[in-house]
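# Remarks on the overall topology
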Amino acid sequence: MNILLAASEVVPFAKTGGLADVVGALPVELARLGHAPIVFMPAYRRALASGLPIERTPVRFHVPIGTKEVEGGLLRSAFPGTAVPVYLVEQSDYFDREGLYGEGGRDYIDNCERFVFFCRAVMEAIRLLDLRVDVLHAHDWQTGLLPAYLHIEYRGVPGYERIASLFTIHNLAFQGQFWHWDMLLTGLDWKYFNWHQMEFFGKLNLMKTGLVFADAINTVSPRYAEEIQAAPLGSGLEGVLLQRRDVLSGILNGVDYGTWNPATDPHLPVKYELSNVVEGKAACKAAVQAELGLVQAPNMPLVGMTGRLTDQKGVDLVAGVLQEWAQTADVQWAILGTGDPKYEQQLSTLAGRHPQKVAVKLDFSEAVAHRIEAGADVFLMPSQFEPCGLSQLYSLKYGTVPVVRATGGLADTITDATPEAIAAGAANGFSFREYSTLALAEALRRAIAMYRQPEVWSRLVAAGMQQDWSWKRSAEQYVNLYRRLSARLPQTTCA
Ligand code: ADP
C-alpha cells in the first residue's frame, strides 16, 4: 500500500520526543513489509544541519495562508540505509529557526501559521509529485488540518478521491489551541468553527480538528485509547473521542532495535547481551557512575530516569522520594532531562547536596540516554499519564528493570513482579497505581529488595531482555488498519 506519513518531527532528522521515534521507525518497517511509505516533515534548521544527505528538488509551490500566498519548496532525503523517501517542506521564514516549536521555554507565536503552511504544502505535494496515496497518516495536532483539508477541500479532486485518512494521537495533552482569529489562516469556512468540529471553548483546536475529520483515529496503546474516553485523560476532548469510539483503536509503539540494542550500541563502553548481562551491565554501570560523577559503588542499586522533566512524567514524585531517600537510603540516582525550570532547579539542588548519590544532567543527549539505560539497575517512569512510553521498552532490552506507574502504555507493557507473575515468567518490572510519593517509594522498595536477591532479579532481567517489542508487530497492526480504511471497512475498535 502507498502510505503518506506527515509529522512535525522525525528521527534522525529532528526530535524532541517519542513522536519522532515513531515516525522514524514505522515507515522503515512498512517498507520492509513490502509497502511504499513516503514521509513529510518541515525542513527545520536542525534537520538541515543534521549532516544527512538532503537534496534540493525543482518543486516550488504557493499556498494560501489567510489573505497571503506563501511560497515554499521541497527537499528530498531518505532514511539512512533505505530508499524510503523523506520530503522536507522548505520555507525559511517558518522553519529556519533554532527550535522546532519554540525557544527559551516559549512557543513561537506563529505556530498555527507554520503548521497551516506545512499541512497545505503536504496536500499540494501529492499533486505536484503525482503521488498515489492510499492512506494519509497524520500525527498529532501539527498535522490535524490534513484530514480536514482532505475531507473539505480535496475530496472530489482527481488524484485525491481514493485517499483515506488516519490520525494518530501521540499525546492528547498537547492540542494546538489558538485564538479564534487563526481560523482565518486555515482558509476554511467559519461554519466549521463550531463546538462539534474545530472550536473548543472559543479557541481553534487543531487536535480536535484531526479527531473530527479523520476517517479513523488511533493512539499509541490500547490502554490509553480507553483512558482518553473519560476525564481527566481525555483533556476535555473525551466527548469527541467517545463519539468516535467506533473508529478509535490503540496500537502500541515498537522499538527500533537497530538503535536500541546493548549488543550493538555504539554509545556503550562495553556491549552485552543476555549471556553476559551481569558483566556487561557492571562495566556500563561503573562507566556511567564515573561519567556522572557518582561514587563507584558496584553493589548500590542505580536508579535511572531519562525524559522531559514535566508534570506528566511524575517528576514531583521523584523529587519527593529523593528528598527523603538521598540522605538515608543506599541508592544512587542518574537523571537526564530538561523541562520545567521548577523541576530542573529542585533536582539540581538535590544533586548539589548529595553529589555522590544523585546525578542530574539537565541536557538532551542521545548518548547519555543510552548509557543510563545500560548502566542503571532500575529505570523509573512514574508518569501521571503515558500514551505509550518508549523508555520502559528500551530498559527491558537493556536488562534494566522498569518501575512504572500503571497507566497507558506503561500498564500495557510492564507486568508487576508479584510472586505469581514471577513464577509464570511473565514479570518484567514493578508497577504501582496510586499517584503518590508513598506508592512510588513502596514500589521502589520492593524493587530494591528484589535487587538484593540476585537469583530472582536475574529472572526479571532475562524476562525483559527476551521480550520482543520490535516494530514488526506494531507495523503489521497499522497495515491491517490501513487496509480496512482503504477498503472502507469497519475498524476493529478498542474495548
Ligand atoms: P515523550 O514522547 O512523552 O517525551 P517517550 O517515552 O514516548 O516520551 O519518548 C521519549 C524519547 O525521548 C525517548 O527516546 C527518550 O530517550 C528521549 N528523551 C527524552 N528526554 C531526553 C533527553 N534529555 N536526552 C536524550 N533523550 C531524551
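These numbers were taken from a predicted model, which means no experiment stands behind them.

Okay, the overall build of the protein next. Counting its secondary structure elements, the protein contains 19 helices and 20 strands. The C-alpha radius of gyration computed for the protein amounts to 23 Å, which stays within 12% of the reference 23 Å derived for 495 residues, consistent with globular compactness. In terms of its C-alpha atoms, the protein occupies a principal-axis envelope of roughly 65 × 45 × 45 Å. Taking as baseline every contact in the protein between residues at least 6 positions apart, the subset at least 24 positions apart corresponds to 72%. Element-wise, carbon and sulfur atoms account for 53% of the exposed surface of the protein, whose accessible area totals about 19,500 Å². Distance between charge centres in the protein, computed from 44 positive and 52 negative side chains, equals 2 Å.

It is worth spelling out the sheet that holds strand 11 (residues 199-200) at this point. The strands making up a sheet associate through backbone hydrogen bonding, with each pair oriented either parallel or antiparallel. Pairing is antiparallel in the open sheet, where three strands are placed in the order 10-12-11. Bordering the open sheet on either side are strand 10 (177-178) and strand 11, each of which pairs with just one other strand. Where helix 7 (residues 206-213) meets the sheet, it contacts strand 10, strand 11 and strand 12 (203-205), and its direction lies at approximately 55° from that of strand 12.

A separate point is the sheet that holds strand 8 (residues 135-139). Here nine strands make up an open sheet; going across it, the order is 3-4-5-2-1-8-9-13-14 and the pairing mixed. Strand pairing shows two members of the sheet lacking a second neighbour, strand 3 (55-65) and strand 14 (248-250), which therefore form its edges. Strand after strand, the sheet turns through a mean of 25° between neighbouring axes, direction not considered. For strand 1 (residues 2-6) and strand 8, the ladder comprises four bridges, and the chain directions are parallel. Bridge pairing in strand 8 links Ile-3 to Val-135. Helix 4 (residues 111-128) rests against strand 1, strand 2 (36-42), strand 3, strand 4 (68-78), strand 5 (85-90) and strand 8 of the sheet, and its axis sits at about 120° to strand 3. Helix 5 (residues 145-152) rests against strand 1, strand 8 and strand 9 (164-169) of the sheet, and its axis sits at about 145° to strand 8.

Time to look at the nonpolar core. In this structure, Leu-4, Phe-40, Phe-117 and Ile-169 are the most contacted members of the largest nonpolar core, which totals 104 residues. In this structure, Phe-40 is in contact with Leu-4, Leu-5, Ala-6, Ala-7, Leu-74, Tyr-87, Val-89, Phe-118, Val-122, Ala-125, Leu-129 and Leu-131, ignoring residues within four places of it in sequence. Membership of the second largest hydrophobic core comes to 76 residues, among which are Val-303, Val-331, Val-401 and Ala-439.

Before going further, it helps to spend a moment on the pattern of salt bridges. Should the charged atoms of two oppositely charged side chains come close, the side chains can pair. According to the stated counting rule, one finds 22 salt bridges in the structure shown. Via salt bridges that share partners, Arg-56, Arg-60, Glu-71 and Glu-90 belong to a single interconnected network.

Now for the pairing of strand 9. Along strand 9, six of the six residues are buried, which leaves the element largely enclosed by surrounding structure. Neither face of strand 9 is left uncovered, since the one carrying Ala-164, Leu-166 and Thr-168 and the one carrying Ser-165, Phe-167 and Ile-169 both have all their residues buried. Note that strand 8 and strand 9 share five bridges and pair parallel. The residue of strand 9 that forms the bridge with His-137 is Leu-166. Bridge count between strand 9 and strand 13 (residues 216-219): four bridges; the pairing is parallel. When the sheet's bridge partners are listed, Thr-168 is paired in strand 13 with Asn-218.

Bringing the domain arrangement of the protein into the picture now. Along its sequence, the protein is organised into domain 1 (2-254 + 473-486) and domain 2 (274-468). Distance from the C-alpha centre of domain 1 to the C-alpha centre of domain 2: 33 Å. Counting from both sides, the interface comprises 19 residues of domain 1 and, opposite them, 18 residues of domain 2. In this assembly, domain 1 packs against domain 2 so that about 1,400 Å² is buried in total across both faces, 59% of it on carbon and sulfur atoms. Run the count over domain 1 and domain 2 and you get one salt bridge. Here Lys-15 makes a salt bridge to Glu-366, at a shortest N to O gap of 3.9 Å. Between the two partners, domain 1 and domain 2, sit seven residue pairs in polar contact (both at pLDDT 80 or more). Counting residues per element, the ones that place at least two in the side of domain 1 that touches domain 2 are helix 1 (18-32) and helix 8 (222-227). For the side of domain 1 that touches domain 2, a count of residues per class yields seven nonpolar, seven polar and five charged.

What counts and what doesn't
Residues numbered from 1 in each chain as written. Predicted model: local features only at pLDDT ≥ 70, side-chain atom pairs only at ≥ 80, totals over all residues. Heavy atoms only, no water. Helix = DSSP H or I, 4+ residues; strand = E, 2+ residues; numbered from the N terminus. Rg over C-alpha atoms; globule rule 2.2 N^0.38 Å. Contact = heavy atoms within 4.5 Å. Areas by Shrake-Rupley, 256 points an atom, 1.4 Å probe, with all protein chains shown as cover. Lys, Arg positive; Asp, Glu negative; His and termini not counted. Charge placed at Lys NZ, Arg CZ, Asp CG, Glu CD. Pairing = 2+ DSSP bridges. Axes fitted to C-alpha atoms, helices over the stretch in contact; angles between N-to-C directions. Core = buried A, V, L, I, M, F, W, Y, C linked by side-chain atoms within 4.5 Å. Buried < 20%, exposed > 50% of the residue type's maximum accessible area, 1.4 Å probe, protein only. Salt bridge = Lys/Arg side-chain N within 4 Å of Asp/Glu carboxyl O. Domains from an automatic or database assignment. Buried area = accessible area lost by both parts, 1.4 Å probe. Polar contact = N/O pair within 3.5 Å; in protein donor to acceptor, adjacent residues only side chain to side chain. Nonpolar A, V, L, I, M, F, W, Y, C, P; charged D, E, K, R; others polar.

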